[in-house]
Amino acid sequence: MSASGGTKAIVAALGANLAIAVAKFVAFAFSGSSSMLAEGVHSLADSGNQGLLLLGGKKAKREATPEHPFGFGRERYIYGFLVSIVLFTIGGVFALYEGYEKIKHPHDLENWYWPVGVLVFAIIAEGFSFRTAIKESNEVRGRLTWPQFVRRAKAPELPVVLLEDLGALVGLFLALGGVGLTLATGDSVWDGIGTMCIGVLLVVIALVLAAETKSLLLGEAADADQVAKIREALVDGETVTSLIHMRTLHLGPEELLVAAKIAVQHDDTAAEVARAIDAAEARIREAVPIARVIYLEPDILRTSA
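Let me begin by describing the structure that accompanies this report. (Residues numbered from 1 in each chain as written. Predicted model: local features only at pLDDT ≥ 70, side-chain atom pairs only at ≥ 80, totals over all residues. Heavy atoms only, no water.)

1. Here we look at a nonpolar patch on the surface
Put simply, the rule is: Within the patch definition used here, like charges are joined within 9 Å and nonpolar side chains (Val, Leu, Ile, Met, Phe, Trp, Tyr) within 5 Å, considering only residues with over 30% relative accessible area and no salt bridge. Areas reported as accessible are Shrake-Rupley estimates using a 1.4 Å probe. Residue values count occlusion only from the protein chains shown. Throughout this description, the term salt bridge denotes a Lys or Arg side-chain nitrogen within 4 Å of a carboxyl oxygen of Asp or Glu. For helices the rule is a DSSP run of H or I covering at least 4 residues; for strands it is a run of E covering at least 2, with both sets numbered from the N terminus onward. We call a residue buried when its accessible area falls under 20% of the maximum for its residue type, exposed when it is over 50%, and partly exposed in between, using a 1.4 Å probe and counting protein chains only.
Taken together, the side chains of Val22, Val26, Phe30, Trp112, Tyr113, Trp114 and Leu183 present a nonpolar region at the surface, about 660 Å² in accessible area. No other element matches the 3 residues that helix H1 (residues 7–31) contributes to the nonpolar patch. Assignment of secondary structure puts Val26 in helix H1. Using a relative accessible area of 31% as the deciding quantity, one classes Val26 as partly exposed.

So, in structure tokens, the structure goes:
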């Protein structure tokens, strides 16, 4: 599965969240709805998250240096992890606190049409952003299910935007439910309950994102189909007779390191082995273009008795 930065999806989400955040804060000012305040902070946090993803993508493009000989591709993983922290603290924890305060000290909902109107507008805008993220993801998802795509994607941007947009849409419906129940029952405690549900949702999404980006930061191997292609490309049956062992590691979403020990004929000359290694590297890069750093060690295969 090829990696993709999903810049279009990030920009679409950024524009939608900035507009929605302003609308939600205006609705909170006129209505006093805690759901609107929590959702406004949520959209503001999401806007900051998209900014972090764009910054990480830009920093990852820097050329390698003697201090960082493998480049800066993993910057995208670092900023993806920061997004999960921001979503957890600013979005989730704040919503939980605000919901608790509203339940403990309820007050009447004023000018109910402001939050309802803004929520309807926000659902439409978030739906557009979510549709863009789905379209971008489908271009690289292949036959993977959505949970598999989130789990296996090596580029953190699209899974982050997908989960953020999904959380935003679900949160908007929770906020709409809280406001609706408050209007129907006359009890503003429902607004606080809706706010706390939003907080729980954001905390869960943040934990999922943190777990996935942590795995990327620790270093993940190539996908199984890429490993199979590399194995097939390595062995030519002539000079390179078999693969002894191999390790792969993502240096970034679109850069793969391949290190392998290959078996060669015991009577091959050094020149023949060198030519075989060059040819094997060329075959690997043709089969898996993101395999940009390749180290091959020749050895004589010894079979045990």
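2. A word on the sheet that holds strand S1 (residues 240–252)
Neighbouring strands of a sheet are bound in pairs by backbone hydrogen bonds; such pairs are parallel or else antiparallel. Here is the rule: Two strands qualify as a pair provided that DSSP identifies no fewer than 2 bridges between them. Only C-alpha atoms enter the line fits that serve as axes; for helices the fit covers just the stretch in contact. Angles between N-to-C directions range over 0 to 180 degrees. The criterion used for residue contact is that any of the two residues' heavy atoms lie within 4.5 Å.
The strand order across the open sheet built from 3 strands is S1-S2-S3, with neighbouring strands paired in mixed fashion. Edge positions in the sheet fall to S1 and strand S3 (291–299), since each has one partner strand and no second. Neighbour-to-neighbour, the strand axes of this sheet turn through a mean angle of 15°, independent of strand direction. Sheet analysis places S1 next to strand S2 (residues 255–264), joined by 10 bridges and oriented antiparallel. Bridging across to S2, Leu249 finds its partner in Leu257. Lying on the sheet, helix H8 (residues 224–234) is in contact with S1, S2 and S3; it crosses S1 at an angle near 140°.

3. Some details on the packing of aromatic side chains
To keep it simple, the criterion reads: Each pair of aromatic rings taken from Phe, Tyr and Trp, with Trp reduced to its six-membered ring, is defined by centres within 6.5 Å and is described as stacked if the planes are under 30 degrees apart, edge-to-face if over 60, and tilted in the remaining cases. The rule for a charge over a ring is simple: NZ of Lys or CZ of Arg within 6 Å of the ring centre, and within 35 degrees of the ring normal.
Tallied over the full model, the rule gives 3 aromatic pairs. Plain terms: the ring middles of Phe30 and Trp114 are 4.4 Å apart, the flat faces sit at 5° to each other, and that makes the pair stacked. Residue Phe30 is located in helix H1, and its partner Trp114 is located in helix H4 (residues 113–141); the two are separated by 84 residues in the primary sequence. On the accessibility criterion, Phe30 (39% relative accessible area) is partly exposed. Trp114 gets classed as partly exposed once you look at its relative accessible area, which sits at 31%. The interplanar angle of 75° and the centroid separation of 6.1 Å between the aromatic rings of Trp112 and Tyr113 together place this pair among those described as edge-to-face. Residue Trp112 is classed as partly exposed on the basis of its relative accessible area of 44%. Take Tyr113: its relative accessible area is 47%, and that puts it in the partly exposed class. Positioned above the aromatic ring of Phe72 is the side chain of Arg62, whose terminal nitrogen or guanidinium carbon lies 4.0 Å from the ring centre.

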